[in-house]
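Working through the structure, step by step
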Amino acid sequence: MRLAEINFDGIVGPSHNYAGLSLGNLAATAHAGDPSYPRAAALQGLAKMRANMGLGLAQGFFLPLPRPNRRWLGALAADATMDPGLLRGAWSASGMWTANAATVSPAPDSGDGRCHLTVANLVTMPHRAQEWPDTLKQLQTAFSSDAFAVHGPVPPCFGDEGAANHMRLARSHAEPGVEIFVYGRPGGRFPARQHEQASHIVARRHGLDPARCLFIEQSPEAIAAGAFHNDVVSVANERVLFAHQQAFADPAATHAAIRERFPEVEIVEVPASEVSLEEAIASYLFNAQLLTPPDGAMTLVIPTEAWESAPVRGFLTRMVEGNGPIRHVLPVDVRQSMANGGGPACLRLRVVADPAEVDPRFLLSDARAELIEQVIEDHWPEQIDPADLGSETLAASVLSARAALLEALDLGELA
Ligand code: SUG
(Lines give C-alpha, C1' and ligand atoms only; values in the text may rest on other atoms or scores of the structure.)
Protein backbone atom coordinates (compact mmCIF):
# COMPACT_ATOMS: atom_id res chain seq x y z
CA MET A 1 0.00 0.00 0.00
CA ARG A 2 1.41 3.38 -1.06
CA LEU A 3 -0.12 6.16 1.04
CA ALA A 4 -0.02 9.70 -0.32
CA GLU A 5 -1.83 12.92 0.44
CA ILE A 6 -4.42 13.53 -2.27
CA ASN A 7 -6.08 16.94 -2.40
CA PHE A 8 -9.66 16.74 -3.65
CA ASP A 9 -10.71 20.17 -4.91
CA GLY A 10 -14.32 21.10 -5.44
CA ILE A 11 -15.01 22.09 -9.05
CA VAL A 12 -16.77 25.47 -8.80
CA GLY A 13 -20.39 24.94 -9.80
CA PRO A 14 -22.20 26.73 -12.64
CA SER A 15 -24.48 28.57 -10.16
CA HIS A 16 -21.60 30.27 -8.28
CA ASN A 17 -22.99 33.54 -6.91
CA TYR A 18 -22.64 36.11 -4.15
CA ALA A 19 -25.72 35.98 -1.92
CA GLY A 20 -24.31 37.17 1.40
CA LEU A 21 -25.50 34.10 3.25
CA SER A 22 -22.76 33.56 5.83
CA LEU A 23 -22.89 35.75 8.91
CA GLY A 24 -19.36 36.08 10.30
CA ASN A 25 -17.72 35.52 6.90
CA LEU A 26 -16.66 39.09 6.17
CA ALA A 27 -15.69 38.60 2.51
CA ALA A 28 -19.02 36.94 1.66
CA THR A 29 -20.95 39.70 3.45
CA ALA A 30 -18.97 42.44 1.69
CA HIS A 31 -19.64 40.96 -1.76
CA ALA A 32 -23.36 40.24 -1.29
CA GLY A 33 -25.25 41.26 -4.42
CA ASP A 34 -22.19 41.54 -6.68
CA PRO A 35 -22.34 39.87 -10.09
CA SER A 36 -20.41 36.60 -10.15
CA TYR A 37 -18.44 34.92 -12.94
CA PRO A 38 -18.93 31.13 -12.68
CA ARG A 39 -16.85 30.27 -15.77
CA ALA A 40 -13.88 32.32 -14.58
CA ALA A 41 -14.30 30.93 -11.06
CA ALA A 42 -14.23 27.32 -12.25
CA LEU A 43 -11.23 27.96 -14.52
CA GLN A 44 -9.33 29.60 -11.63
CA GLY A 45 -9.99 26.51 -9.50
CA LEU A 46 -8.88 24.20 -12.30
CA ALA A 47 -5.67 26.21 -12.80
CA LYS A 48 -4.87 25.76 -9.09
CA MET A 49 -5.40 22.00 -9.38
CA ARG A 50 -3.15 21.82 -12.44
CA ALA A 51 -0.44 23.87 -10.71
CA ASN A 52 -0.45 21.52 -7.71
CA MET A 53 -0.35 18.51 -10.00
CA GLY A 54 2.60 20.22 -11.71
CA LEU A 55 4.44 20.16 -8.37
CA GLY A 56 4.28 16.36 -8.60
CA LEU A 57 1.35 15.95 -6.19
CA ALA A 58 -1.67 13.65 -6.45
CA GLN A 59 -4.80 15.65 -7.24
CA GLY A 60 -8.46 14.68 -7.10
CA PHE A 61 -11.72 16.56 -7.49
CA PHE A 62 -15.36 16.52 -6.44
CA LEU A 63 -18.28 17.47 -8.63
CA PRO A 64 -20.61 20.43 -8.06
CA LEU A 65 -23.78 19.48 -6.16
CA PRO A 66 -27.19 19.65 -7.91
CA ARG A 67 -28.39 23.26 -7.95
CA PRO A 68 -30.90 24.78 -7.73
CA ASN A 69 -31.68 22.15 -5.12
CA ARG A 70 -35.27 21.22 -5.92
CA ARG A 71 -35.43 18.67 -3.10
CA TRP A 72 -34.50 21.42 -0.63
CA LEU A 73 -36.97 23.90 -2.13
CA GLY A 74 -39.67 21.22 -1.85
CA ALA A 75 -38.84 20.63 1.81
CA LEU A 76 -39.09 24.40 2.43
CA ALA A 77 -42.52 24.53 0.71
CA ALA A 78 -40.97 27.29 -1.37
CA ASP A 79 -43.24 29.94 -2.84
CA ALA A 80 -43.14 33.63 -3.72
CA THR A 81 -43.71 34.68 -0.08
CA MET A 82 -40.55 32.94 1.08
CA ASP A 83 -37.51 34.75 2.47
CA PRO A 84 -35.36 35.47 -0.63
CA GLY A 85 -32.27 34.36 1.33
CA LEU A 86 -33.67 30.81 1.43
CA LEU A 87 -34.29 30.83 -2.29
CA ARG A 88 -30.74 32.05 -2.98
CA GLY A 89 -29.45 29.35 -0.63
CA ALA A 90 -30.95 26.67 -2.88
CA TRP A 91 -28.73 28.02 -5.68
CA SER A 92 -25.52 28.26 -3.69
CA ALA A 93 -22.43 26.60 -5.15
CA SER A 94 -20.99 26.36 -1.62
CA GLY A 95 -20.18 22.65 -2.08
CA MET A 96 -17.04 23.91 -3.89
CA TRP A 97 -15.39 24.43 -0.47
CA THR A 98 -14.57 20.79 0.10
CA ALA A 99 -12.58 21.51 3.27
CA ASN A 100 -16.12 21.48 4.67
CA ALA A 101 -17.14 18.22 2.99
CA ALA A 102 -15.88 15.86 5.69
CA THR A 103 -13.34 15.20 8.44
CA VAL A 104 -10.74 12.66 7.38
CA SER A 105 -8.65 10.39 9.61
CA PRO A 106 -6.08 8.44 7.59
CA ALA A 107 -5.59 4.70 8.08
CA PRO A 108 -2.42 4.97 10.24
CA ASP A 109 -4.44 6.88 12.88
CA SER A 110 -7.58 4.78 13.09
CA GLY A 111 -8.15 1.67 15.18
CA ASP A 112 -9.08 -0.57 12.25
CA GLY A 113 -6.47 0.47 9.67
CA ARG A 114 -9.03 2.09 7.38
CA CYS A 115 -9.24 5.72 6.33
CA HIS A 116 -12.34 7.18 8.01
CA LEU A 117 -14.43 10.03 6.65
CA THR A 118 -17.39 11.68 8.41
CA VAL A 119 -19.47 13.91 6.17
CA ALA A 120 -19.93 17.36 7.77
CA ASN A 121 -23.49 18.31 8.73
CA LEU A 122 -22.82 22.08 8.30
CA VAL A 123 -25.95 22.84 10.31
CA THR A 124 -25.03 26.38 11.35
CA MET A 125 -25.70 27.91 7.93
CA PRO A 126 -28.98 26.88 6.27
CA HIS A 127 -27.55 27.11 2.75
CA ARG A 128 -24.77 24.72 3.75
CA ALA A 129 -26.93 22.34 5.80
CA GLN A 130 -28.47 21.06 2.54
CA GLU A 131 -25.09 19.83 1.23
CA TRP A 132 -24.40 16.65 3.15
CA PRO A 133 -26.76 14.12 1.46
CA ASP A 134 -25.25 14.80 -1.98
CA THR A 135 -21.74 15.07 -0.55
CA LEU A 136 -22.20 11.72 1.20
CA LYS A 137 -23.30 10.11 -2.06
CA GLN A 138 -20.16 11.43 -3.72
CA LEU A 139 -17.87 10.26 -0.89
CA GLN A 140 -19.45 6.81 -0.98
CA THR A 141 -18.80 6.64 -4.72
CA ALA A 142 -15.23 7.93 -4.64
CA PHE A 143 -14.24 5.91 -1.56
CA SER A 144 -16.19 2.69 -2.03
CA SER A 145 -13.17 0.41 -1.48
CA ASP A 146 -12.69 -1.46 1.81
CA ALA A 147 -9.73 0.81 2.49
CA PHE A 148 -12.27 3.48 3.55
CA ALA A 149 -15.09 3.83 6.08
CA VAL A 150 -17.50 6.63 5.12
CA HIS A 151 -19.79 7.80 7.93
CA GLY A 152 -23.01 9.81 7.85
CA PRO A 153 -23.21 13.18 9.64
CA VAL A 154 -23.04 13.60 13.42
CA PRO A 155 -26.47 14.41 14.94
CA PRO A 156 -27.66 17.88 13.89
CA CYS A 157 -27.74 19.20 17.47
CA PHE A 158 -23.94 19.44 17.19
CA GLY A 159 -22.51 21.66 14.45
CA ASP A 160 -19.72 20.03 12.44
CA GLU A 161 -17.78 21.88 9.71
CA GLY A 162 -15.42 19.07 8.70
CA ALA A 163 -11.73 19.37 7.88
CA ALA A 164 -11.75 23.18 8.11
CA ASN A 165 -11.59 22.72 11.89
CA HIS A 166 -9.23 19.74 11.94
CA MET A 167 -5.45 19.46 11.53
CA ARG A 168 -3.02 16.57 11.54
CA LEU A 169 0.64 16.46 12.49
CA ALA A 170 2.83 13.49 11.54
CA ARG A 171 6.46 12.84 10.66
CA SER A 172 5.20 12.00 7.18
CA HIS A 173 1.69 11.56 5.81
CA ALA A 174 1.96 7.77 5.86
CA GLU A 175 2.98 7.55 9.53
CA PRO A 176 0.63 7.70 12.54
CA GLY A 177 -0.32 11.26 13.34
CA VAL A 178 -1.73 13.47 16.06
CA GLU A 179 -5.15 14.84 15.13
CA ILE A 180 -6.11 18.29 16.36
CA PHE A 181 -9.77 19.26 16.50
CA VAL A 182 -10.47 22.98 16.91
CA TYR A 183 -13.90 24.02 18.19
CA GLY A 184 -15.50 27.35 18.98
CA ARG A 185 -17.43 28.39 22.06
CA PRO A 186 -20.79 30.03 21.34
CA GLY A 187 -21.79 33.42 22.75
CA GLY A 188 -19.78 35.80 20.56
CA ARG A 189 -21.04 38.24 17.93
CA PHE A 190 -20.67 35.62 15.19
CA PRO A 191 -21.66 31.94 15.24
CA ALA A 192 -19.09 29.40 16.46
CA ARG A 193 -19.79 26.79 13.81
CA GLN A 194 -17.75 23.85 15.12
CA HIS A 195 -19.13 22.43 18.36
CA GLU A 196 -16.82 20.70 20.80
CA GLN A 197 -19.11 17.67 21.11
CA ALA A 198 -19.17 17.17 17.33
CA SER A 199 -15.37 16.95 17.30
CA HIS A 200 -15.40 14.32 20.06
CA ILE A 201 -18.04 12.29 18.23
CA VAL A 202 -15.96 12.30 15.03
CA ALA A 203 -12.81 11.23 16.91
CA ARG A 204 -14.66 8.33 18.59
CA ARG A 205 -16.24 7.17 15.34
CA HIS A 206 -12.87 7.18 13.63
CA GLY A 207 -11.41 4.97 16.36
CA LEU A 208 -8.65 7.45 17.18
CA ASP A 209 -6.34 6.83 20.13
CA PRO A 210 -7.29 9.47 22.76
CA ALA A 211 -3.59 9.86 23.54
CA ARG A 212 -3.04 11.07 19.96
CA CYS A 213 -5.94 13.55 19.81
CA LEU A 214 -6.25 17.12 20.97
CA PHE A 215 -9.36 19.23 21.34
CA ILE A 216 -8.45 22.91 21.25
CA GLU A 217 -10.64 25.96 21.65
CA GLN A 218 -10.39 28.50 18.82
CA SER A 219 -9.78 32.01 20.07
CA PRO A 220 -13.11 33.85 20.52
CA GLU A 221 -11.42 37.05 19.30
CA ALA A 222 -10.46 35.30 16.05
CA ILE A 223 -14.08 34.23 15.46
CA ALA A 224 -15.26 37.75 16.30
CA ALA A 225 -12.71 39.16 13.83
CA GLY A 226 -14.08 36.96 11.01
CA ALA A 227 -12.24 33.62 11.34
CA PHE A 228 -15.41 31.59 10.89
CA HIS A 229 -13.31 28.42 10.51
CA ASN A 230 -9.97 27.54 12.11
CA ASP A 231 -8.40 27.21 8.64
CA VAL A 232 -8.64 31.00 8.33
CA VAL A 233 -6.01 31.37 11.07
CA SER A 234 -3.89 28.20 11.01
CA VAL A 235 -2.79 25.29 8.84
CA ALA A 236 -0.67 22.19 9.51
CA ASN A 237 1.33 19.81 7.34
CA GLU A 238 3.48 16.91 8.51
CA ARG A 239 5.74 18.31 11.29
CA VAL A 240 4.76 21.94 10.77
CA LEU A 241 2.06 24.06 12.34
CA PHE A 242 1.72 27.51 10.76
CA ALA A 243 -0.57 29.67 12.89
CA HIS A 244 -1.38 33.22 13.86
CA GLN A 245 -0.50 34.23 17.40
CA GLN A 246 -4.21 34.78 18.12
CA ALA A 247 -5.53 31.59 16.51
CA PHE A 248 -6.15 29.67 19.74
CA ALA A 249 -7.89 30.67 22.97
CA ASP A 250 -4.82 29.71 25.02
CA PRO A 251 -1.77 29.67 22.72
CA ALA A 252 0.79 28.71 25.38
CA ALA A 253 -1.25 25.76 26.66
CA THR A 254 -2.04 24.72 23.07
CA HIS A 255 1.61 24.72 22.05
CA ALA A 256 2.58 22.81 25.19
CA ALA A 257 -0.12 20.18 24.61
CA ILE A 258 0.94 19.75 21.00
CA ARG A 259 4.62 19.42 21.98
CA GLU A 260 3.75 16.84 24.60
CA ARG A 261 1.96 14.63 22.09
CA PHE A 262 4.21 15.38 19.12
CA PRO A 263 7.67 16.55 20.25
CA GLU A 264 8.94 16.84 16.65
CA VAL A 265 6.50 19.68 15.88
CA GLU A 266 7.89 22.86 14.33
CA ILE A 267 5.58 25.76 15.14
CA VAL A 268 5.81 28.78 12.84
CA GLU A 269 3.83 31.43 14.67
CA VAL A 270 3.04 34.75 13.01
CA PRO A 271 3.12 37.49 15.65
CA ALA A 272 0.29 40.05 15.71
CA SER A 273 2.97 42.75 15.76
CA GLU A 274 4.01 41.69 12.22
CA VAL A 275 0.63 40.69 10.76
CA SER A 276 -2.44 41.80 12.70
CA LEU A 277 -5.33 39.38 13.14
CA GLU A 278 -7.45 41.64 10.91
CA GLU A 279 -4.80 41.64 8.15
CA ALA A 280 -4.36 37.87 8.41
CA ILE A 281 -8.11 37.40 7.94
CA ALA A 282 -8.52 40.01 5.20
CA SER A 283 -5.55 38.62 3.23
CA TYR A 284 -6.32 34.94 3.95
CA LEU A 285 -2.63 34.24 4.62
CA PHE A 286 -3.46 31.09 6.60
CA ASN A 287 -6.07 29.77 4.21
CA ALA A 288 -3.14 28.33 2.37
CA GLN A 289 -2.23 24.85 1.22
CA LEU A 290 0.90 23.73 3.00
CA LEU A 291 2.23 20.99 0.76
CA THR A 292 5.20 18.64 0.57
CA PRO A 293 6.15 18.07 -3.08
CA PRO A 294 8.26 15.00 -3.93
CA ASP A 295 11.50 17.04 -3.58
CA GLY A 296 10.58 17.66 0.09
CA ALA A 297 10.69 21.47 -0.12
CA MET A 298 7.55 22.45 1.82
CA THR A 299 5.48 24.94 -0.17
CA LEU A 300 2.81 27.37 0.99
CA VAL A 301 0.17 27.98 -1.70
CA ILE A 302 -1.42 31.32 -0.79
CA PRO A 303 -4.09 33.46 -2.46
CA THR A 304 -2.72 36.39 -4.50
CA GLU A 305 -4.55 38.69 -2.06
CA ALA A 306 -2.11 37.60 0.67
CA TRP A 307 0.90 38.30 -1.53
CA GLU A 308 -0.47 41.79 -2.26
CA SER A 309 -0.55 42.64 1.48
CA ALA A 310 2.68 44.47 2.42
CA PRO A 311 2.92 43.11 5.99
CA VAL A 312 2.14 39.56 4.83
CA ARG A 313 4.64 39.71 1.98
CA GLY A 314 7.24 41.11 4.36
CA PHE A 315 6.69 38.28 6.83
CA LEU A 316 6.77 35.58 4.14
CA THR A 317 9.89 37.00 2.52
CA ARG A 318 11.73 36.96 5.85
CA MET A 319 10.38 33.48 6.58
CA VAL A 320 11.68 32.01 3.32
CA GLU A 321 15.04 33.79 3.65
CA GLY A 322 15.40 32.36 7.15
CA ASN A 323 16.04 28.73 7.90
CA GLY A 324 12.48 27.69 8.63
CA PRO A 325 10.71 24.57 7.45
CA ILE A 326 8.55 26.34 4.82
CA ARG A 327 10.79 26.77 1.79
CA HIS A 328 8.57 28.23 -0.95
CA VAL A 329 5.57 30.51 -1.30
CA LEU A 330 3.33 30.16 -4.35
CA PRO A 331 0.55 32.73 -4.90
CA VAL A 332 -2.52 31.51 -6.86
CA ASP A 333 -5.48 33.44 -8.27
CA VAL A 334 -8.76 32.14 -6.87
CA ARG A 335 -10.38 35.58 -6.63
CA GLN A 336 -13.89 34.48 -7.50
CA SER A 337 -13.92 32.02 -4.61
CA MET A 338 -12.07 34.42 -2.30
CA ALA A 339 -14.85 36.98 -2.65
CA ASN A 340 -17.11 34.45 -0.91
CA GLY A 341 -14.53 33.75 1.81
CA GLY A 342 -13.03 30.64 0.17
CA GLY A 343 -9.25 30.58 -0.28
CA PRO A 344 -6.95 27.84 -1.64
CA ALA A 345 -7.35 25.71 1.51
CA CYS A 346 -11.15 25.95 1.58
CA LEU A 347 -11.27 24.54 -1.94
CA ARG A 348 -9.64 21.23 -1.04
CA LEU A 349 -10.17 18.15 1.10
CA ARG A 350 -7.02 16.28 2.07
CA VAL A 351 -7.23 12.50 2.00
CA VAL A 352 -4.20 10.39 2.84
CA ALA A 353 -4.75 7.14 0.98
CA ASP A 354 -3.38 4.86 -1.70
CA PRO A 355 -4.53 6.50 -4.96
CA ALA A 356 -5.09 3.00 -6.36
CA GLU A 357 -7.93 2.56 -3.81
CA VAL A 358 -9.80 5.68 -5.00
CA ASP A 359 -12.38 5.52 -7.78
CA PRO A 360 -10.20 6.75 -10.70
CA ARG A 361 -13.02 8.91 -12.05
CA PHE A 362 -12.27 11.38 -9.21
CA LEU A 363 -8.53 11.64 -9.88
CA LEU A 364 -7.17 14.41 -12.07
CA SER A 365 -4.94 13.63 -15.04
CA ASP A 366 -3.93 15.94 -17.89
CA ALA A 367 -6.60 14.35 -20.06
CA ARG A 368 -9.34 14.77 -17.43
CA ALA A 369 -8.28 18.36 -16.79
CA GLU A 370 -8.70 19.09 -20.50
CA LEU A 371 -12.11 17.44 -20.51
CA ILE A 372 -13.26 19.45 -17.48
CA GLU A 373 -11.90 22.66 -19.00
CA GLN A 374 -13.80 22.06 -22.22
CA VAL A 375 -17.10 21.46 -20.41
CA ILE A 376 -16.62 24.61 -18.31
CA GLU A 377 -15.80 26.68 -21.41
CA ASP A 378 -18.83 25.32 -23.26
CA HIS A 379 -21.46 25.24 -20.52
CA TRP A 380 -20.69 27.40 -17.45
CA PRO A 381 -22.52 30.77 -17.41
CA GLU A 382 -20.17 33.67 -17.93
CA GLN A 383 -21.97 35.92 -15.43
CA ILE A 384 -24.78 35.67 -12.87
CA ASP A 385 -26.51 38.65 -11.30
CA PRO A 386 -28.18 37.80 -7.99
CA ALA A 387 -31.48 39.04 -9.44
CA ASP A 388 -31.30 36.15 -11.95
CA LEU A 389 -31.47 33.53 -9.18
CA GLY A 390 -34.88 31.88 -9.42
CA SER A 391 -35.15 32.30 -13.19
CA GLU A 392 -36.21 29.13 -14.99
CA THR A 393 -33.93 29.91 -17.93
CA LEU A 394 -30.91 30.15 -15.67
CA ALA A 395 -31.98 27.01 -13.80
CA ALA A 396 -32.13 25.08 -17.08
CA SER A 397 -28.66 26.24 -18.12
CA VAL A 398 -27.11 25.49 -14.71
CA LEU A 399 -28.68 22.02 -14.56
CA SER A 400 -27.59 21.16 -18.09
CA ALA A 401 -24.05 22.41 -17.41
CA ARG A 402 -23.69 20.02 -14.47
CA ALA A 403 -25.25 17.20 -16.47
CA ALA A 404 -22.67 17.75 -19.24
CA LEU A 405 -19.85 17.45 -16.70
CA LEU A 406 -21.27 14.27 -15.18
CA GLU A 407 -21.56 12.76 -18.63
CA ALA A 408 -18.04 13.78 -19.67
CA LEU A 409 -16.60 12.20 -16.51
CA ASP A 410 -18.80 9.09 -16.69
CA LEU A 411 -20.33 9.93 -13.30
CA GLY A 412 -23.99 9.77 -14.25
CA GLU A 413 -24.88 8.00 -10.99
CA LEU A 414 -24.41 11.32 -9.13
CA ALA A 415 -27.28 12.93 -11.09
O1 SUG B 1 -19.20 28.56 4.62
N2 SUG B 1 -19.00 30.89 2.01
C3 SUG B 1 -18.45 29.73 2.69
C4 SUG B 1 -16.96 29.76 2.66
C5 SUG B 1 -16.36 28.46 3.16
C6 SUG B 1 -14.90 28.55 3.36
N7 SUG B 1 -14.39 27.34 3.84
C8 SUG B 1 -13.36 27.18 4.70
N9 SUG B 1 -12.91 28.15 5.43
N10 SUG B 1 -12.85 25.99 4.83
C11 SUG B 1 -18.97 29.67 4.13
O12 SUG B 1 -19.12 30.72 4.75
C13 SUG B 1 -20.80 32.20 1.04
C14 SUG B 1 -21.98 31.97 0.13
C15 SUG B 1 -22.73 33.22 -0.19
O16 SUG B 1 -22.89 34.07 0.67
O17 SUG B 1 -23.22 33.35 -1.36
C18 SUG B 1 -20.31 30.95 1.69
O19 SUG B 1 -21.06 30.01 1.90
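Quick note: structure is the one above.
Here's a quick rundown of the structure.

Rules behind the numbers
- Residues numbered from 1 in each chain as written.
- Predicted model: local features only at pLDDT ≥ 70, side-chain atom pairs only at ≥ 80, totals over all residues.
- Heavy atoms only, no water.
- Helix = DSSP H or I, 4+ residues; strand = E, 2+ residues; numbered from the N terminus.
- Rg over C-alpha atoms; globule rule 2.2 N^0.38 Å.
- Contact = heavy atoms within 4.5 Å.
- Lys, Arg positive; Asp, Glu negative; His and termini not counted.
- Charge placed at Lys NZ, Arg CZ, Asp CG, Glu CD.
- Polar contact = N/O pair within 3.5 Å; in protein donor to acceptor, adjacent residues only side chain to side chain.
- Near = heavy atom within 4 Å.
- Areas by Shrake-Rupley, 256 points an atom, 1.4 Å probe, with all protein chains shown as cover.
- 1 Å grid on protein atoms, 1.4 Å probe; cavity = no way out; pocket = protein on both sides within 12 Å on 5 of 7 lines; lining within 4 Å.
- Sits in = over half its atoms within 2 Å of the grid points.
- Nonpolar A, V, L, I, M, F, W, Y, C, P; charged D, E, K, R; others polar.
- Axes fitted to C-alpha atoms, helices over the stretch in contact; angles between N-to-C directions.
- Parallel < 35°, antiparallel > 145°, perpendicular 65-115°, else oblique.
- Left-handed = near helix turned anticlockwise from the far one by under 90°.
- Buried < 20%, exposed > 50% of the residue type's maximum accessible area, 1.4 Å probe, protein only.
- Arc of directions from axis to C-beta.

Another point: the overall build of the protein chain. What the protein chain contains, in helices and strands, is 15 helices and 15 strands. Relative to the compact-globule value of 22 Å for 415 residues, the protein chain shows a C-alpha radius of gyration of 20 Å, a close match. If one aligns the C-alpha atoms of the protein chain with their principal axes, the spans along those axes are about 55 × 45 × 40 Å. Across the protein chain, every contact between residues at least 6 apart in sequence was considered, and the portion connecting residues at least 24 apart equals 78%. Averaged over its 31 positive side-chain charges, the protein chain has a centre that lies 3 Å from the centre of its 48 negative ones.

Let us look at unusual backbone geometry. Backbone torsion omega between Arg67 and Pro68 reads -5°, so that peptide bond is classified as cis. Looking at where Pro68 falls in the secondary structure, it is placed in the loop between strand 2 (58-62) and helix 3 (70-75). The phi angle at Tyr284 is positive, at roughly 65°, despite the residue not being glycine.

The next thing to look at is the side chain of Ser105. Mapped onto the fold, Ser105 is located in strand 3 (residues 102-105). At 2.9 Å, the side chain of Ser105 forms a polar contact with the side chain of Glu179. Excluding residues within four positions of it along the chain, Ser105 makes contact with Arg114, Cys115, His116, Glu179, His206 and Leu208.

Within the structure, the ligand sits among 21 residues, and Leu21, Ser22, His127, Asp231 and Cys346 are positioned closest to it. Contact between the ligand and Asn17: an oxygen atom at 3.4 Å from a main-chain N or O atom of the residue. Residue Asn100 places a side-chain N or O atom 3.0 Å away from a nitrogen atom belonging to the ligand. Taking 490 Å² as the accessible area of the ligand by itself, protein coverage stands at 100%. Its atoms largely coinciding with the cavity grid, the ligand occupies the second largest cavity. In terms of residue class, the shell around the ligand is built from nine nonpolar, nine polar and three charged.

Once that is clear, we can look at the packing of helix 14 (residues 366-379) against helix 15 (residues 392-408). Close contact between helix 14 and helix 15 brings their axes to 10 Å; oriented N to C, the two are set at 160°. Classified by the interaxial angle, the pair formed by helix 14 and helix 15 is roughly antiparallel. The chirality of how helix 14 crosses helix 15 is right-handed. Residues Leu371, Ile372, Val375 and His379 of helix 14 touch helix 15, and the partners they reach there are Ala401, Ala404, Leu405 and Ala408. For the contact of helix 14 with helix 15, a count of residues per class yields seven nonpolar, one polar and no charged.

Our focus in this paragraph is helix 9 (residues 251-261). Side chains three or four residues apart in an α-helix point the same way, a direct result of the helix having 3.6 residues per turn. Those residues of helix 9 that fall on the buried side of the exposure criterion are Thr254, His255, Ala257 and Ile258. End-on, the buried residues of helix 9 take up no more than an arc of 165°, which puts them together on one face. Residues of helix 9 that are exposed and angled more than 90 degrees away from the buried face: Ala252 and Glu260. Residues of helix 9 that are buried in the fold lie against strand 6 (166-169), strand 7 (178-183), strand 8 (213-217), strand 10 (240-244) and strand 11 (266-270).

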